[in-house]
Structures are given as C-alpha cells and as structure tokens.
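An overview of the molecular structure
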Amino acid sequence: MSVLFPKVPKPREWDYRPIYFDKEKEARKDKKLARLRRGAFREEHEKNMTELRKKKQSKLVLWLVLLGLLIFGVYILL
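These remarks concern the structure in this document. (Residues numbered from 1 in each chain as written. Predicted model: local features only at pLDDT ≥ 70, side-chain atom pairs only at ≥ 80, totals over all residues. Heavy atoms only, no water.)

1. A word on the overall build of the protein
Per the secondary structure count, the protein includes two helices and zero strands. In terms of C-alpha radius of gyration, the protein reaches 32 Å, well past the compact-globule figure of 12 Å for 78 residues. Along the three orthogonal principal directions, the C-alpha set of the protein runs to about 105 × 40 × 25 Å. Counting every position in the protein, which comprises 78 residues, the buried fraction comes to 1%. Element-wise, carbon and sulfur atoms account for 64% of the exposed surface of the protein, whose accessible area totals about 9,200 Å². Computing the positive centroid from 20 side-chain charges and the negative centroid from 10, the protein places the two 5 Å apart. (Helix = DSSP H or I, 4+ residues; strand = E, 2+ residues; numbered from the N terminus. Rg over C-alpha atoms; globule rule 2.2 N^0.38 Å. Buried < 20%, exposed > 50% of the residue type's maximum accessible area, 1.4 Å probe, protein only. Areas by Shrake-Rupley, 256 points an atom, 1.4 Å probe, with all protein chains shown as cover. Lys, Arg positive; Asp, Glu negative; His and termini not counted. Charge placed at Lys NZ, Arg CZ, Asp CG, Glu CD.)

2. Structural notes on a nonpolar patch on the surface
Together, Leu60, Leu64, Leu67, Leu70, Ile71, Val74, Leu77 and Leu78 give the surface a local cluster of nonpolar side chains, amounting to about 910 Å² of exposed area. Looking at the secondary structure, you find Leu78 in the segment after helix 2 (40-77). (Patch = residues over 30% accessible without salt bridge, like charges linked within 9 Å, V, L, I, M, F, W, Y side chains within 5 Å. Salt bridge = Lys/Arg side-chain N within 4 Å of Asp/Glu carboxyl O.)

3. Structural notes on helix 1 (residues 23-35)
For helix 1, spanning 13 residues, the distance from its first C-alpha to its last is 19 Å, which sits close to the expected 18 Å at 1.5 Å a residue. Summarising burial for helix 1: zero of the 13 residues are buried, a small minority. (Expected span 1.5 Å × (residues − 1).)

Laid out in structure tokens, this is it:
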C-alpha cells in the first residue's frame, strides 16, 4: 500500500434497468419459438423451394415470350 495515495476500491455502481412489458417483443419471441417446432425447418425449406420454382418458371416464360417476339419481328422485317 502506498502512503501518499492509498488504494481504495471503488464502490459498486447502481445499475438498475427496469423491465417493461413489451407486447410486440413478446409476440416476436412467441413467433420465433413457434418456428422451432419439429419439422418446421423442412416446411420452410419446401415453401422456399416452391417459391424458387415459381420464380424460375415465370422468368422462363418471360424469356420465351421475348424470344418469340424477336423472331416474329425479324420474320416481318425480312
């Protein structure tokens, strides 16, 4: 211990944060827990894959229509 500056521990600070009920946060928490039930990941994956297939199919239809219009336009010009 030093004679001039004695080392005294600092007192603990009061760190109180009141907990308030947040209805939206509780709803999000419940929704998250509901997604973790058995088989939920498989269902989510299947849903995502069907959406992906629909997007792919719609893009394919769009490109086929554009290709058809291009061929039709070239045929009319020549």
